[in-house]
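The lines below spell out each chain.
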Amino acid sequence: MTSLRVRIGTLGLVLLAGSAAPASPAAAAEAPSPTVEEQRLDRAVPREILERSGFDAVPLRFTRALGTARSYAEARKVVVRQGSALWTRAVDRAQGRGPAGGDLSRDDDRPLYWARLGMTREVRTWEPSFGLSEGQRAALLNELERTSRGQTAVRYPGGERLKRVLVTGFDPFTLDRDIRISNPSGASALALDGTVIETAEGPARVETVVFPVRWQDFTDRTVERALRPYLKKVDLFTTVSQGRVGRFDVERTNGAWRGGFPDNDNVGVTEVVPVADPASQPQWTTTTLPYKAIVDADTGRFPVYDNTSVTEIPAGGTVPVVRADGPTAGSTARAGGGGNYLSNEIAYRVTLLRDRLGLHDVLPGGHVHTPVLEFGAGNTDPATGAVTDPGFVKNRLDIIAQVRAILVVAVEKAT
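Residues numbered from 1 in each chain as written. Predicted model: local features only at pLDDT ≥ 70, side-chain atom pairs only at ≥ 80, totals over all residues. Heavy atoms only, no water.

## A short note on the overall build of the protein
From N to C terminus, the protein includes 12 helices and 14 strands. Here the C-alpha atoms of the protein give a radius of gyration of 21 Å, agreeing with the 22 Å that 2.2 N^0.38 yields for 415 residues. Here the C-alpha coordinates of the protein stretch approximately 60 × 50 × 50 Å along the principal axes. Looking at the protein as a whole, 57% of its 415 residues qualify as buried. For the protein, the exposed area adds up to about 16100 Å²; of that, 52% sits on carbon and sulfur atoms. For the protein, the centre of its 51 positive side-chain charges and the centre of its 49 negative side-chain charges are spaced 3 Å apart. (Helix = DSSP H or I, 4+ residues; strand = E, 2+ residues; numbered from the N terminus. Rg over C-alpha atoms; globule rule 2.2 N^0.38 Å. Buried < 20%, exposed > 50% of the residue type's maximum accessible area, 1.4 Å probe, protein only. Areas by Shrake-Rupley, 256 points an atom, 1.4 Å probe, with all protein chains shown as cover. Lys, Arg positive; Asp, Glu negative; His and termini not counted. Charge placed at Lys NZ, Arg CZ, Asp CG, Glu CD.)

## Digging into the side chain of Arg 244
Summarising the element assignment, Arg 244 is placed in the loop between β4 (236–242) and β5 (248–251). Reaching out from Arg 244, the side chain makes a polar contact with the side chain of Glu 251 at a distance of 3.0 Å. (Polar contact = N/O pair within 3.5 Å; in protein donor to acceptor, adjacent residues only side chain to side chain.)

## Things to note about helix α4 (residues 72–94)
Along its 23 residues, α4 runs 33 Å from first to last C-alpha, staying within 8% of the 33 Å computed at 1.5 Å per residue. For α4, every residue scored as buried is listed here: Tyr 72, Ala 75, Val 78, Val 79, Gln 82, Gly 83, Leu 86, Trp 87, Ala 90, Val 91, Arg 93 and Ala 94. If you follow the buried residues of α4, they end up packed against α3 (57–67), α5 (110–125), α6 (134–148), α7 (184–192) and β3 (202–211). Downstream of α4 by one or two residues, Gly 96 has phi in the positive range, about 85 degrees. (Expected span 1.5 Å × (residues − 1). Contact = heavy atoms within 4.5 Å.)

## Some words on the confidence of the model for the protein
When pLDDT is averaged across the protein, the result is 93; 93% of the residues are at 70 or more. Of the regions scoring below 50 in pLDDT, residues 2–26 engages in 96 contacts with residues more than four places distant in sequence or in other chains. (pLDDT = per-residue confidence, 0-100.)

## Describing the packing of aromatic side chains
Any aromatic ring pair is given by two values, namely how distant the centres are and how the planes are angled relative to each other. Going through the model one piece at a time under the given rule, you end up with 9 aromatic pairs. Each ring, one from Phe 211 and one from Phe 218, has its centre 6.4 Å from the other, and the planes form 70 degrees; the classification is edge-to-face. When its relative accessible area of 0% is taken as the criterion, Phe 211 is described as buried. On the accessibility criterion, Phe 218 (0% relative accessible area) is buried. Aromatic rings pair up to connect Phe 173, Trp 215, Phe 261 and Tyr 341 into one cluster. In this arrangement the basic side chain of Arg 180 is found over the ring face of Phe 375, its NZ or CZ atom lying 3.9 Å from the centre. Positioned above the aromatic ring of Trp 257 is the side chain of Arg 334, whose terminal nitrogen or guanidinium carbon lies 3.7 Å from the ring centre. (Phe/Tyr/Trp six-rings, centres within 6.5 Å; stacked < 30°, edge-to-face > 60°. Lys NZ or Arg CZ within 6 Å of the ring centre and 35° of its normal.)

## Details of the packing of helix α2 (residues 44–51) against α5
At their nearest, the axes of α2 and α5 sit 9 Å apart, and the two run at 115 degrees to each other. As summarised for this structure, α2 and α5 are arranged roughly perpendicular, according to the angle between their axes. In this structure, the crossing between α2 and α5 has a hand that is left-handed. Of the residues in α5, those touching α2 at Pro 46, Ile 49 and Leu 50 are Arg 110, Pro 111, Trp 114 and Ala 115. Class assignment for the residues of the contact of α2 with α5 results in 6 nonpolar, no polar and 1 charged. (Axes fitted to C-alpha atoms, helices over the stretch in contact; angles between N-to-C directions. Parallel < 35°, antiparallel > 145°, perpendicular 65-115°, else oblique. Left-handed = near helix turned anticlockwise from the far one by under 90°. Nonpolar A, V, L, I, M, F, W, Y, C, P; charged D, E, K, R; others polar.)

## Some thoughts on the sheet that holds strand β12 (residues 321–323)
Hydrogen bonding along the main chain pairs the strands of a sheet, whether they run parallel or antiparallel. The 3 strands are arranged β12-β11-β13 in an open sheet whose pairing can be described as antiparallel. The open sheet has two free edges, formed respectively by β12 and β13 (332–335), since each of these has just one partner strand. The mean inter-strand angle of the sheet, taken between neighbouring strand axes irrespective of direction, is 40 degrees. Summarising the sheet, strand β11 (residues 310–313) and β12 pair through 3 bridges and their orientation is antiparallel. Residue pairing for β12: Thr 311 is matched across the bridge by Val 322. (Pairing = 2+ DSSP bridges.)

## Points about the nonpolar core
Grouped burial of nonpolar side chains is what soluble globular proteins tend to show. One finds Phe 62, Leu 66, Trp 114, Val 123 and Leu 140 to be the most contacted residues of the largest nonpolar core, which totals 40 residues. Contributions of two or more residues to this core are made by α2, α3, α4, α5, α6 and α7. The element best represented in this core is α4, accounting for 9 residues. Among all residues touching Val 123, those that are not within four sequence positions of it are Phe 62, Leu 66, Val 79, Arg 137, Leu 140, Leu 141 and Leu 144. (Core = buried A, V, L, I, M, F, W, Y, C linked by side-chain atoms within 4.5 Å.)

## Focus on the packing of α3 against α4
Contact pair α3 / α4: the axes reach a minimum separation of 10 Å and the direction vectors enclose 165 degrees. The orientation of α3 relative to α4 falls into the category roughly antiparallel. When you trace α3 past α4, the crossing you get is right-handed. Between α3, through Val 58, Arg 61, Phe 62, Ala 65 and Leu 66, and α4, the contact on the second element is made entirely by Ala 75, Val 78, Val 79, Gln 82, Leu 86 and Arg 89.

## Concerning unusual backbone geometry
Here the phi dihedral of Arg 221 falls at roughly 65 degrees; this positive angle occurs in a residue that is not glycine. The topology assignment puts Arg 221 in the loop between α8 (215–219) and α9 (222–231). Its identity is not glycine, yet Asp 277 carries a phi of approximately 50 degrees, on the positive side. Along the chain, Asp 277 falls in the loop between β8 (270–272) and β9 (284–286). Residue classification places Asp 277 among the partly exposed positions, given a relative accessible area of 45%.

## Quick notes on the side chain of Asn 254
Looking at where Asn 254 falls in the secondary structure, it is placed in strand β6 (residues 253–255). A polar contact is formed between the side chain of Asn 254 and the side chain of Thr 351, at a distance of 3.4 Å. Contact partners of Asn 254, with chain neighbours within four places excluded, come to Gln 283, Trp 284, Thr 285, Thr 286, Gly 336, Asn 344, Ala 347, Tyr 348 and Thr 351.

Dropping the structure here:
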């Protein structure tokens, strides 16, 4: 996901308020309306994607199971169980386990996205006989987001020879531009989760999680809460998102600025990235991935660039300036190499967390932008185009394979 600055020619890149219900539930609150993101479920394309993958049954089963709950505690168990099952089912489908459920290609990340929204809409609008307080409803949504995004399923087996790699992806976005959109970073997360990649330095276990494209979730520090438990345990991390057309980018520098591009709820925010302890917040963070080795390696069909560009307000200045070779001393961030949308922000947040944990010099990590996932020739009209085509599938599979190859190089050269 990219900034407004790089929108031309580009498309790109939990409620974690606490996992427990309030100790003393307040009076039941009226159920809120579906969000903007959830309302898109009623359109034809999401319905087709769900039907052609067999995931159309997921929200229906969830609704029936939730309807059996006779207390908040029972509802929470249903949410945790069903949310975890959705993530497992999506990973299994992507990796060729179990039935495909339809003719939609297994590498497709969209069934997970739309099925999850069907489930969150049900929780958001549910009015059980026992009543739900606002805090209880928020806690259920929190559990559903965490479990269905793989955030509670990160598992690294023991063994000193096994390298540990953590990868993140994103939901589809810019859906009002083209509701058919898939996000290759989310597809890569599903394809790689729990897999072992062989490198010259030995095997590496990859664990993945997926994040929403919503400013508020990042304000609520979903990224830090999800990833903090693992950063001291892993050997390498890579945040991944969709970026520019026809190229991969290893983003050298990340900026502490939100540029205001609308998220999946059509909310735009323009401000300094809100983090804990803002008094010690730097304007810039940097990658510690072995970017030169990644750029130089033959990892796939798409060229890979070491992207050093940023947009800054120079020290003493007032006007933003694009710098091809990174920020200057004392400058104020307006865009990192990856822009000023949520892809830049996840890179900024995780590298800042790395640094605050004292891991800058020992933990390789940073952000990789994938190419924009394009439909095949003749299928470019969002209003009349098909939800998939052979070129679309090939492009996604090639991107996934190249993400995997980049991880191999990163593990080998960072060791």
